[in-house]
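# Notes for the structure review
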Amino acid sequence: MTFPDDVPVLTDGVVTLRAHRPEDADAVFEQCVDPVSQQWTTVPVPYTLADARSFVTEHADSAWANRTWMFAVEVEDESGPRFCGTVELRDEGARRAEIAYGAHPWARGRGIITQALEVLLAWGFDDRGLETVIWWANRGNWASRRTAWRLGFSCDGTLERWLPQRGDLLDAWVGVLHADERRAPRHPWLVAPRITGEKVRLRPFRPADASRIVEACRDERTAYWLGQMPSPYTRVDAEAYLEGRMTQLANGSGMSWAVAEPRTDELIASISLFDLKPGREAEIGYWTHPASRGRGVMTSACALAVRHAFTPAAQGGLGLQRLIVFAAEGNSASRRVIEENGFVQVGRERRGTRLRDGSLVDTACYDQLVEDYR
């Protein structure tokens, strides 16, 4: 084929996919010197205007010659046509392709790239006869993962040290989309709302919480009752904990909050609804920073979490019918939180909890039904 003359123009009436042009170079340069682009893609660093000019001419020509179907994304705004980024399908043969995309900073958060990818996938499946498209992203690139989720891709796990980037091999997320599958999310992507009570505020976790998490989880009492935690507990463990909270939201399996002091917004505890079965039930788990014990912090936080769990979905809650929670029989502080929030003991699991010293103790099993919620 001849570039750019043979590159098709694809559009849904709002976004247009077309061949790159020399006049795109300035916008490509803006995109590729952006810190987000440099963090998550393989663009050269430092990136120059000469690199951008080469990309929209030589690289684009070479891509199409080597069966990488690469398009510039364009929309109309009040000033006229605007470059929004690049999307592509890399033909892998045997009716397979890899999808890739990058957004100009102006286009982020507007849904433009997702819309462009919908157009691209329809063309790939319907016109190019693709059967399977694979998606890769560096681990931690939640924006890319959320875009793939919106399009209907799975997220099938993490491959360690797989994606090359400037001499390193980075951990990768991977997923697929098949031609006969719906191009829509496979499950909810939950959002933990900010909820403020009299004593505490529930808010989403943030990276800056890692230090406080380390302090809490190195505490001797916390470690004793939560015997499965890593020991010694490090910042790497805290960062993995934070990633796990985000993963729960992304796959719809749970919702976690940082419990914060309302005046300072500093983390003082953690509470989670996990093993979530939509419309049915979830389990509650929690811990408190040692500096905040004895103040009713967790009792208040648990009350807010229970209320959100039982609030109907139409009113912004999770609409659950049952909550369950477990506590080691000797953990009187945890059991007090549970019982003060209206949970009823419904059983005992003998030797169900392993403590830090390796001993096995009985576990008290509690639940609460939505009709019993006070």
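The structure contained in this document is the topic of the report that follows.

What counts, and where the lines are drawn
Residues numbered from 1 in each chain as written. Predicted model: local features only at pLDDT ≥ 70, side-chain atom pairs only at ≥ 80, totals over all residues. Heavy atoms only, no water. Buried < 20%, exposed > 50% of the residue type's maximum accessible area, 1.4 Å probe, protein only. Helix = DSSP H or I, 4+ residues; strand = E, 2+ residues; numbered from the N terminus. Contact = heavy atoms within 4.5 Å. Core = buried A, V, L, I, M, F, W, Y, C linked by side-chain atoms within 4.5 Å. 1 Å grid on protein atoms, 1.4 Å probe; cavity = no way out; pocket = protein on both sides within 12 Å on 5 of 7 lines; lining within 4 Å. Points joined across faces, edges and corners; volume = space filled by probe spheres on them. Nonpolar A, V, L, I, M, F, W, Y, C, P; charged D, E, K, R; others polar. Pairing = 2+ DSSP bridges. Axes fitted to C-alpha atoms, helices over the stretch in contact; angles between N-to-C directions. Salt bridge = Lys/Arg side-chain N within 4 Å of Asp/Glu carboxyl O. Phe/Tyr/Trp six-rings, centres within 6.5 Å; stacked < 30°, edge-to-face > 60°. Parallel < 35°, antiparallel > 145°, perpendicular 65-115°, else oblique. Left-handed = near helix turned anticlockwise from the far one by under 90°.

All right, on to helix α5 (residues 142-151) then. Of all 10 residues in α5, 7 are buried; the element is thus mostly enclosed. Residues Trp142, Ser144, Arg145, Thr147, Ala148, Trp149 and Leu151 constitute the buried set of α5. Here the buried face of α5 lies against β5 (96-103), α4 (112-126), β6 (132-138), β8 (168-178) and α8 (235-251). Downstream of α5 by a residue or two, glycine 152 has a phi angle that is positive, lying close to 100°.

Take the nonpolar core next. Within the largest apolar cluster, 43 residues are counted, with the highest numbers of intra-cluster contacts made by Leu17, Phe71, Val87, Ile99, Leu120 and Phe153. A total of 9 residues in this core trace back to one element, the largest contributor, which is α4. With residues up to four places along the chain from it excluded, the contact list for phenylalanine 71 reads Val7, Pro8, Leu10, Leu17, Arg18, His20, Trp64, Gly85, Thr86, Val87, Leu120 and Trp123. One finds Met298, Ala301, Val306 and Ile338 within the second-largest nonpolar core, a separate group that totals 36 residues.

The next thing to look at is the layout of surface pockets. Rolling a probe over the atoms, with the probe sized like a water molecule, indicates the empty space that remains. In this structure, the second largest pocket encloses a volume near 1300 Å³. Surrounding the second largest pocket, 46 residues form its lining, Leu226, Gly285, Tyr286, Trp287 and Ser334 being those nearest its centre. Among the secondary structure elements, those contributing two or more residues to the lining of the second largest pocket are α7 (220-225), α8, β12 (267-277), β13 (281-288), α9 (297-310), β14 (322-328), α10 (332-340) and β15 (344-354). Element by element, the count of residues in the lining of the second largest pocket is highest for β13, at 6 residues. For the lining of the second largest pocket, the residue count by class is 19 nonpolar, 17 polar and 10 charged.

Strand order across the open sheet formed by 8 strands is β1-β2-β3-β4-β5-β6-β8-β7, with mixed pairing between neighbours. Since the sheet does not close on itself, it has two edges, and those belong to β1 (10-11) and β7 (158-165), each with one partner. Across 8 bridges, the pairing between strand β4 (residues 80-93) and β5 is antiparallel. Bridge assignment links leucine 89 to a residue of β5, and that residue is isoleucine 99. In the packing of helix α3 (residues 49-65) onto the sheet, contacts are made with β3 (68-77) and β4, and the angle to β3 comes to roughly 135°. Sheet strands touched by α4: β1, β2 (15-18), β3, β4, β5, β6 and β8. Its angle to β4, the strand with the most contacts, is close to 40°.

A word on the pattern of salt bridges. Oppositely charged side chains can form a pair if their charged atoms are brought close together. Summed over all chains, the structure comprises 27 salt bridges. Put simply, glutamate 215 and arginine 212 hold a salt bridge, and the shortest N to O gap is 3.4 Å. One end of the pair, glutamate 215, and the other, arginine 212, are both in helix α6 (residues 210-218), 3 residues apart, so they sit about a helical turn from each other. Relative accessible area serves as the criterion here: at 40%, glutamate 215 is assigned to the partly exposed category. Judged by relative accessible area, which is 15%, arginine 212 ranks as buried. Residue arginine 293 is joined to aspartate 219 by a salt bridge in which the shortest nitrogen-to-oxygen separation is 2.6 Å.

Moving on to the packing of aromatic side chains. Per the counting criterion, the structure on display carries 11 aromatic pairs. Taken together, a centroid distance of 6.2 Å and an interplanar angle of 50° make the contact between tyrosine 241 and tryptophan 287 tilted. With tyrosine 241 in helix α8 and tryptophan 287 in strand β13, the pair connects residues that are 46 residues apart, well separated along the chain. Residues tyrosine 241 and tryptophan 287 agree in their burial class; the two are buried.

Between α4 and α5, whose axes approach to 10 Å, the crossing angle comes to 50°. Of the possible angle classes, the one that applies to α4 and α5 is oblique. The way α4 lies across α5 gives a crossing that is right-handed. Here α4 contributes Thr114, Leu117, Glu118 and Leu121 to the contact with α5, which in turn contributes Thr147, Arg150 and Leu151. Here the contact of α4 with α5 is built from residues that sort into 3 nonpolar, 2 polar and 2 charged.

We now examine the environment of isoleucine 284. Here isoleucine 284 lies in strand β13. Taking the C-alpha atoms as reference, isoleucine 284 lies 43 Å from valine 43; in sequence the two are 241 residues apart. In this view, isoleucine 284 contacts Ile271, Ser272, Leu273, Phe274, Cys302, Val306, Leu323, Ile324, Val325 and Phe343; residues no more than four positions away in its chain are not counted.

Before going further, it helps to spend a moment on unusual backbone geometry. For the bond from phenylalanine 3 to proline 4, the omega torsion is 5°, close enough to zero to count as cis. Here proline 4 lies in the segment before β1. Cis geometry marks the peptide bond from serine 231 to proline 232, where omega comes out at 0°. Inspection of the secondary structure puts proline 232 in the loop between α7 and α8. Phi is positive for arginine 95, which is not a glycine, with a value near 65°. For arginine 95, the position within the fold is in the loop between β4 and β5.

Across 2 bridges, the pairing between β1 and β2 is antiparallel. Note on β2: the bridge partner recorded for threonine 11 is threonine 16. Bridging between β2 and β3 involves 4 bridges; their strand directions are antiparallel. Looking at β3, one finds that arginine 18 is bridged to alanine 72.

All quantities given are derived from atomic positions and should not be read as evidence of function.
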